[in-house]
Amino acid sequence: MLRHGVIRKKISRILVPLDGSKNSIRGLETAITIARGCGSTITGLYCIHEQSHSEFGKGSSNDQPSPQMKKFMDAAKVLAAQNAIDFKEKIARGEIGYTIIKTARGNPKHDMIVMGSRGRSSAKQMIFGSISNYVIHTAAMPVVIVK
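Residues numbered from 1 in each chain as written. Predicted model: local features only at pLDDT ≥ 70, side-chain atom pairs only at ≥ 80, totals over all residues. Heavy atoms only, no water.

Draft legend 1. Summary view of the packing of helix H3 (residues 96–105) against helix H5 (residues 131–138). At a closest axis distance of 9 Å, the pairing of H3 and H5 adopts a crossing angle of 40°. In terms of axis orientation, H3 runs oblique to H5. The handedness of the crossing between H3 and H5 comes out as right-handed. Listed contacts from H5 to Ile96, Gly97, Tyr98, Ile100, Ile101 and Arg105 of H3 are Ile131, Tyr134, Val135 and Thr138. In terms of residue class, the contact of H3 with H5 is built from seven nonpolar, two polar and one charged. (Axes fitted to C-alpha atoms, helices over the stretch in contact; angles between N-to-C directions. Helix = DSSP H or I, 4+ residues; strand = E, 2+ residues; numbered from the N terminus. Parallel < 35°, antiparallel > 145°, perpendicular 65-115°, else oblique. Left-handed = near helix turned anticlockwise from the far one by under 90°. Contact = heavy atoms within 4.5 Å. Nonpolar A, V, L, I, M, F, W, Y, C, P; charged D, E, K, R; others polar.)

Draft legend 2. Up close: the pattern of salt bridges. Within the structure shown, the criterion is met by four salt bridges. Its salt-bridge partner being Glu89, residue Lys77 comes within 2.9 Å of it at the nearest N-O pair. Placement of the pair is Lys77 in helix H2 (residues 67–82) and Glu89 in strand E5 (residues 87–94), with a sequence separation of 12 residues. Looking at Lys77, the relative accessible area reads 33%, which means it is partly exposed. Here Asp86 ties to Lys88 by a salt bridge, and the two come within 2.7 Å at their closest N and O atoms. Its relative accessible area of 40% is what places Asp86 among the partly exposed residues. Taking the relative accessible area as the measure of exposure, Lys88 reaches 41% and is therefore partly exposed. Several salt bridges converge on common partners, so that one network encompasses Lys70, Asp74, Lys77 and Glu89. (Salt bridge = Lys/Arg side-chain N within 4 Å of Asp/Glu carboxyl O. Buried < 20%, exposed > 50% of the residue type's maximum accessible area, 1.4 Å probe, protein only.)

Draft legend 3. Local environment of the nonpolar core. Ile14, Val16, Leu18, Leu28, Ile42 and Phe87 are the most contacted members of the largest nonpolar core, which has 20 residues in total. Elements with a minimum of two residues in this core: strand E3 (13–18), helix H1 (22–38), strand E4 (41–49), H2 and strand E6 (112–116). A total of five residues in this core trace back to one element, the largest contributor, which is H2. (Core = buried A, V, L, I, M, F, W, Y, C linked by side-chain atoms within 4.5 Å.)

Draft legend 4. Local environment of the sheet that holds E6. Read from one edge of the open sheet, five strands run E5-E4-E3-E6-E7, paired in parallel fashion. In the strand order of this sheet, the two ends are held by E5 and strand E7 (143–146), each with one partner. If you compare each strand with its neighbour and ignore which way they point, the axes differ by 25° on average. Inspection of the sheet shows E6 paired to E7 by four bridges, in the parallel sense. (Pairing = 2+ DSSP bridges.)

Draft legend 5. Representation of unusual backbone geometry. Note the cis peptide between Asn107 and Pro108, where omega equals 5°. As for its placement among the helices and strands, Pro108 is situated in the loop between H3 and E6.

Draft legend 6. Inspection of the confidence of the model for the protein at higher detail. Residue-level pLDDT values for the protein average 84, and 77% of them are 70 or greater. Of all the helices and strands in the protein, helix H4 (residues 123–128) carries the lowest mean pLDDT, 45, while E3 carries the highest, 97. Counting interchain partners and residues more than four positions distant, the pLDDT-below-50 stretch residues 54–60 has two contacts. (pLDDT = per-residue confidence, 0-100.)

Below, the structure is given as structure tokens:
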């Protein structure tokens, strides 16, 4: 759509990585504001960090969501519903940055990623580069980073 010399792409699906941190909540709030203006749906992605597979096999993992994760995702659904936004929940396991990008490119494809600048990351991630930095440089769609 062309208006005033600016090309505008329809944003119908927004991916919001959530981890329970204050910054991820601010990311969700920003995504809700954008979604209201565009008539978009939001997918809240809770990614459980899991090392990539190695020759020694995969460690055991519990497929049940933790009580904290469930409580946080339920609160995110309520916040979206209070703002008349359709919210879909997705829980995934893997390397967090890679999983965010894979989900954004997946089916259905997302038009935008909105995320907090810092989440519940370890000191290792701060030394080797943050997840948000990875997402910014790898995503093929617009990324909004919220402080």
